Amino acid sequence: MIRLNDITSQLLKYHPNADTTLVEKAYVYSAKVHQGQVRLSGEPYLSHPLQVAYILTRLKMDVVSIVAGLLHDTLEDTDSELSEIERLFGKEAANIVDGVTKLSKMQFTSRQERQAENMRKMILAMATDIRVIMVKLADRLHNMETLGYQTPEKQALIARETLDIYTPLSGRLGIHWLKSNLEDLCLYYLEPEIYEAIKSGIAERRGAREAFIRDVKEIITKKLNDSDIQATIRGRHKHFYSIYMKMKDQNLSVNQVYDNLALRVILKSLRECYEVLGIIHTEWKPVPGRFKDYISLPKANMYQSLHTTVIGPLGQRMEVQIRTWEMDKIAEEGIASHWKYKEGLGASQTDEKQFAWLRQLLEWQKQVSDPREFLETVRMDLFPNEVYVFTPKGEVKRFPKGATPIDFAYGIHSEVGEKCSGARINGKMVPLRHQMKNGDIVQIITSSKQHPSKDWLDVVKTPRAKTKIRHWIMTQEKDQSINLGKELLEKGLVQSQLNLPNILKNEQIESIAKDLSFHSVPDLLANIGFGKVSANQVIGRLRPKLGIEEPPPTGIVSKMVSRIKRKQSTHGIKVEGVEDMLVRFANCCHPLPGEHVIGFITRGRGVTVHKYNCRHALDADPDRLVEVQWEPTDQDVYLANIKVTSVDKKGILADISAIMVQKDANIIQADVQTTMDQKGISHFTIEVENYKQLQDIIGAIKKVKNVMIVERI
């Protein structure tokens, strides 16, 4: 088990002036509050925070981070209070512990949402203190190292989450050794047979591999000495997950993966890197397409190195990485190699580049409401499948693999994206769905007549482009609906012989908009254009405001409404002990023949009939309630509202409508909406004769394929 002395000794190696008294104090506190607790392995629980703190020293973190590592489970697993931790160890340490605790406590309804929300929470935590993530990564590494004590189901779940979320994060932060360890541990639990096959294959060839590396190192050393270049050369086999991905991508067995060896040449200067590259390529034939210059074009996490694959002395492929000592430090330690919190120093220009992607992701997540959509955004940015292209002026732009000229146009400016009509790549015209490649020189052609299209959403890759295109389309659709609604209302006003000179600024129309719960007249007009409100509804409300009496009903729709109103006020209900009483049906519950009902005497308006269990009837004055009975005739019809939730599939609305026709029901109004998770929500107002007919209709609709819920409103 790791001891306190191991942690403080490691800390003092890279930070000789560190104040270890706070670390010792955190150790004593953690030991006290975790006393008596044990892990699934049977070890004292204290072993876990000690291991986490030790991993943080391997990451060369500051004193506050190590203190937080020792305390990271105290809020969740003990009676400790955040205020107490802040009082004893300071606000910074308390905030980190609180951030890690919140990440661990989040509850989610589905695996996909859990990953997305986890990622969102992590990104938000990074905005205030990225050390929250460093502690969480150290915590996850030790949990993966001790995952064998969990159930197989839990092992697979945690390993998959680690591979999807934490491994890309450690890679994006540039911590190569942590990423490799996590990936290999995930492979061990997710693909145990493949892991053992790779392990056995490497073990069988260990002797030959060591001899090969020794011979190659001697050859390179001799060549470099001839050129008076001093270098450190290291040889290793690639980590297991890297070999597994090569097997998976190229459909190979373990024995068919020949380029699983990697040599690293570490030098003093940048100039020597390119000199050594020339020497390596002179000695051994390079494999075409396998050379990558990450020195001229660093990765987003500031990783720099020359990568080349050559045919080695025995005819097998061999990867060679060439870099300076500073580059090697950044490659292994990542973000910790230029830690912005170290010794209270401010952020350097390099730090600002390193953290720029965090701020960019924060901006994107503010514009995305769907967790799955955000996960897609973040995964796209985390995985290093990137292309680098040039503007005509030589400026380098970075995009995800598969990005198109439309992404490039929106990367320059929103207006350029909206007016993008074509593109030239390397001087040649290309279609807008063309995928850019590394080194392309991209020139955008614009036109004032060009506008974004929904089809663009299928080809763009960057979150910025997708967000801007969706916003433009939604704005245009609303503008079109406002114009259409204005046209329909003006036409209705002309037919009704009403003259309103300026609809948008008319006080009566503004009043009607508020009556119908709309924020403004344009919102009302947009809903008329969408078909959610009719022009006749607005005109009907407008007449009384203008002091004009309602004209007698004309037309089929008006006659139908009039017939329903007349029947509802004179037929179907008998009030006990009273003749010729004016009767109306409550809009809150729409009672139907066959349902138990009660009457409520309304002053000046007769009796209002409610369902017996309607909350309005239950809350009413008992002295004004009267017994009523159904006496419907064959000609009476009644309104009922139903809501149907279904999968958004073509033809489902037609199937539902067909059932209503079969059941002899008349559809008065229908409103259909599609949700972001691809569900259809349909509201119907229908005419039925009684409660039994309605139940028959609901039962039949429930049997329709892809219908999820049918309910009466």
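Everything numeric in this text was worked out from a predicted model, so none of it was measured.

Rules and cut-offs
- Residues numbered from 1 in each chain as written.
- Predicted model: local features only at pLDDT ≥ 70, side-chain atom pairs only at ≥ 80, totals over all residues.
- Heavy atoms only, no water.
- Helix = DSSP H or I, 4+ residues; strand = E, 2+ residues; numbered from the N terminus.
- Buried < 20%, exposed > 50% of the residue type's maximum accessible area, 1.4 Å probe, protein only.
- Areas by Shrake-Rupley, 256 points an atom, 1.4 Å probe, with all protein chains shown as cover.
- Pairing = 2+ DSSP bridges.
- Axes fitted to C-alpha atoms, helices over the stretch in contact; angles between N-to-C directions.
- Contact = heavy atoms within 4.5 Å.
- Parallel < 35°, antiparallel > 145°, perpendicular 65-115°, else oblique.
- Left-handed = near helix turned anticlockwise from the far one by under 90°.
- Core = buried A, V, L, I, M, F, W, Y, C linked by side-chain atoms within 4.5 Å.
- Salt bridge = Lys/Arg side-chain N within 4 Å of Asp/Glu carboxyl O.
- Expected span 1.5 Å × (residues − 1).
- Arc of directions from axis to C-beta.
- Nonpolar A, V, L, I, M, F, W, Y, C, P; charged D, E, K, R; others polar.
- Polar contact = N/O pair within 3.5 Å; in protein donor to acceptor, adjacent residues only side chain to side chain.
- Phe/Tyr/Trp six-rings, centres within 6.5 Å; stacked < 30°, edge-to-face > 60°.
- Lys NZ or Arg CZ within 6 Å of the ring centre and 35° of its normal.

Glancing now at the overall build of the protein. Secondary structure assignment for the protein yields 28 helices and 20 strands. For the protein, with 713 residues in total, the buried portion stands at 46%. Here the protein displays about 37500 Å² of accessible surface, and carbon together with sulfur accounts for 49% of that area.

Moving on to the sheet that holds strand β8 (residues 420-425). Taken together, three strands build an open sheet; the order of strands is β9-β8-β10 and the sheet is antiparallel. Here the strands that pair on one side only, and so sit at the sheet edges, are β9 (428-430) and β10 (442-446). Neighbouring strand axes in the sheet, compared pairwise and without regard to direction, differ in orientation by 35° on average. Bridge count for β8 against β10 is five bridges, and the pairing is antiparallel. Residue pairing for β10: glycine 422 is matched across the bridge by isoleucine 445. Against the sheet, helix α19 (residues 405-412) contacts β8, β9 and β10, and its axis sits at roughly 80° relative to β10.

A word on the packing of helix α22 (residues 507-515) against helix α24 (residues 535-546). Running from amino to carboxyl end, α22 crosses α24 at an angle of 125°, the nearest separation of the two axes being 10 Å. Accordingly, the angle class assigned to the pair α22 and α24 is oblique. Considering the relative orientation of α22 and α24, their crossing is right-handed. When α22 is examined against α24, the residues Gln508, Ile509, Ser511, Ile512 and Asp515 are found in contact with a partner set consisting of Val538, Arg541, Leu542, Lys545 and Leu546.

We now examine the nonpolar core. In terms of nonpolar packing, the biggest core is built from 64 residues, with Val23 and Leu56 touching the most fellow members. A total of eight residues in this core trace back to one element, the largest contributor, which is helix α9 (residues 131-145). Setting aside chain neighbours within four positions, we find leucine 56 in contact with Tyr14, Met61, Ser65, Ile66, Gly69, Met134, Val135 and Ala138. Core analysis: the second largest hydrophobic core is formed by 30 residues, Ile656, Ile659, Ala665 and Val707 among them.

Reading across the sheet, the four strands line up as β18-β19-β17-β20 and stay open at both edges, with antiparallel pairing between neighbours. Unpaired on one side and paired on the other, β18 (666-674) and β20 (707-712) mark the two borders of the sheet. Between one strand and the next, the sheet's axes are offset by a mean angle of 15°, whatever the strand orientation. Note that strand β17 (residues 638-647) and strand β19 (residues 679-688) share ten bridges and pair antiparallel. Residue pairing in the sheet places asparagine 641 in a bridge with threonine 685 of β19. Running over the sheet, helix α27 (residues 652-662) touches β17, β18, β19 and β20 and is turned about 20° from β19. This element, helix α28 (residues 691-702), spans β17, β19 and β20 of the sheet and lies at about 165° to β20.

Moving on: the environment of valine 320. In this structure, valine 320 sits in strand β5 (residues 317-324). Assessed through its relative accessible area of 0%, valine 320 is described here as buried. Between the C-alpha atom of valine 320 and that of histidine 307, which follows or precedes it by 13 residues, the distance is 5.9 Å. Not counting the four nearest positions on each side in its chain, valine 320 is found in contact with Leu263, Val265, Ile280, Leu306, His307, Thr308 and Val310.

What follows covers the pattern of salt bridges. Applying the stated rule across the entire model yields 16 salt bridges. Note that aspartate 6 and arginine 3 form a salt bridge whose closest N and O atoms lie 3.7 Å from each other. Taking relative accessible area as the criterion, arginine 3 reaches 53% and is therefore assigned exposed. For the salt bridge of glutamate 183 with lysine 179, the shortest nitrogen-to-oxygen distance reads 2.8 Å.

Let us look at α24. Between its terminal C-alpha atoms α24 stretches 16 Å, which fits the 16 Å expected from twelve residues at 1.5 Å a residue. Listing the buried residues of α24 in full gives Ala535, Val538, Ile539, Leu542 and Arg543. Along the axis of α24, the buried positions cluster into a sector of 145°, meaning they face one direction only.

Turning our eyes to something else, we now look at the packing of helix α12 (residues 192-204) against helix α14 (residues 240-250). At their nearest, the axes of α12 and α14 sit 10 Å apart, and the two run at 105° to each other. Here α14 runs roughly perpendicular to α12, going by the angle between their axes. Facing Ile194, Tyr195, Ile198, Lys199 and Ile202 of α12, the residues of α14 in contact are Phe240, Ile243, Tyr244 and Met247. In terms of residue class, the contact of α12 with α14 is made up of eight nonpolar, no polar and one charged.

Attention now moves to the side chain of threonine 645. Position of threonine 645 among the secondary structure elements: in strand β17. Classification of threonine 645 as buried rests on a relative accessible area of 8%. Residue contacts for threonine 645: discarding those within four places in its chain leaves Lys679, Gly680, Ile681, Val707, Met708 and Ile709.

What follows concerns the environment of valine 647. One can find valine 647 in strand β17. Valine 647 gets classed as partly exposed once you look at its relative accessible area, which sits at 27%. Distance from valine 647 to glutamine 678, taken between C-alpha atoms, is 6.5 Å for residues 31 residues apart in sequence. Setting aside anything within four residues of it in sequence, one finds valine 647 in contact with Ile652, Gln678, Gly680, Asn706 and Met708.

Looking at where aspartate 139 falls in the secondary structure, it is placed in helix α9. Judged by its relative accessible area of 6%, aspartate 139 is buried. A distance of 2.7 Å separates a polar atom in the side chain of aspartate 139 from a polar atom in the side chain of histidine 48. The residues contacting aspartate 139, other than those within four sequence positions of it, are His48, Val52 and His72.

Now for the packing of aromatic side chains. Under the definition given, this model contains ten aromatic pairs. Aromatic side chains phenylalanine 585 and tyrosine 638 sit 5.4 Å apart centroid to centroid with 90° between the ring planes, which places their arrangement in the edge-to-face category. Separated by 53 residues along the polypeptide, phenylalanine 585 in strand β12 (residues 583-585) and tyrosine 638 in strand β17 bring together distant segments of the chain. Like phenylalanine 585, the residue tyrosine 638 is buried in the burial classification. Grouping aromatic residues by their ring pairs yields a cluster made of Tyr188, Tyr189, Tyr195 and Phe240. Lysine 25 extends its terminal NZ or CZ atom over the ring of phenylalanine 89, reaching a point 5.5 Å from the ring centre. The positively charged end of arginine 58 is found above the aromatic ring belonging to tryptophan 177, 3.9 Å away from the centroid.

With that out of the way, let us pick up the environment of proline 400. With respect to the helices, strands and loops of the structure, proline 400 is situated in strand β7 (residues 396-400). Counting along the chain gives 62 residues from proline 400 to threonine 462, while the straight-line C-alpha distance between them is 6.9 Å.

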